[in-house]
Amino acid sequence: MPKTTLTLSEPIAKTLRVYTAQTTSNLRAQSQVVEDALTEFFEKHNVKIEK
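To keep things clear, this report deals only with the structure shown in the data block.

Summing up its helical and strand segments, the chain has two helices and zero strands in all. Seen through its principal axes, the chain has C-alpha atoms that stretch 30 × 20 × 20 Å. For the chain, with 51 residues in total, the buried portion stands at 10%. For the chain, the exposed area adds up to about 5,000 Å²; of that, 55% sits on carbon and sulfur atoms. Considering the chain, the positive charge centre built from 7 side chains and the negative charge centre built from 6 side chains are found 6 Å apart.

Dropping the structure here:
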């Protein structure tokens, strides 16, 4: 799976860490949380995700 680097504001980064820890009990799951959020965003904006 390709990797990418993101720069997030501190409030967003903190919220991501807290949410991931509370919902998955595993901070390594942050990538999946971000991927799910991006998928939802693209679908909402009618952007096709090529496979």
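With that settled, the discussion passes to the packing of helix 1 (residues 10–24) against helix 2 (residues 30–44). Running from amino to carboxyl end, helix 1 crosses helix 2 at an angle of 110 degrees, the nearest separation of the two axes being 9 Å. With respect to each other, helix 1 and helix 2 are oriented roughly perpendicular. Counted together, Leu-16, Arg-17, Tyr-19 and Thr-20 of helix 1 and Gln-30, Val-33 and Val-34 of helix 2 form the full contact between these two elements. Split into classes, the residues belonging to the contact of helix 1 with helix 2 amount to four nonpolar, two polar and one charged.

Spanning 15 residues, helix 2 covers 21 Å between terminal C-alpha atoms, matching the ideal 21 Å at 1.5 Å per step. Looking one or two places after helix 2, you find Asn-46, whose phi comes out positive at around 55 degrees.

What follows deals with a negative patch on the surface. Taken together, the side chains of Glu-35, Asp-36, Glu-40 and Glu-43 make up a negatively charged region of the molecular surface. In this structure, Glu-40 sits in helix 2.

What counts, and where the lines are drawn
- Residues numbered from 1 in each chain as written.
- Predicted model: local features only at pLDDT ≥ 70, side-chain atom pairs only at ≥ 80, totals over all residues.
- Heavy atoms only, no water.
- Helix = DSSP H or I, 4+ residues; strand = E, 2+ residues; numbered from the N terminus.
- Buried < 20%, exposed > 50% of the residue type's maximum accessible area, 1.4 Å probe, protein only.
- Areas by Shrake-Rupley, 256 points an atom, 1.4 Å probe, with all protein chains shown as cover.
- Lys, Arg positive; Asp, Glu negative; His and termini not counted.
- Charge placed at Lys NZ, Arg CZ, Asp CG, Glu CD.
- Axes fitted to C-alpha atoms, helices over the stretch in contact; angles between N-to-C directions.
- Parallel < 35°, antiparallel > 145°, perpendicular 65-115°, else oblique.
- Contact = heavy atoms within 4.5 Å.
- Nonpolar A, V, L, I, M, F, W, Y, C, P; charged D, E, K, R; others polar.
- Expected span 1.5 Å × (residues − 1).
- Patch = residues over 30% accessible without salt bridge, like charges linked within 9 Å, V, L, I, M, F, W, Y side chains within 5 Å.
- Salt bridge = Lys/Arg side-chain N within 4 Å of Asp/Glu carboxyl O.

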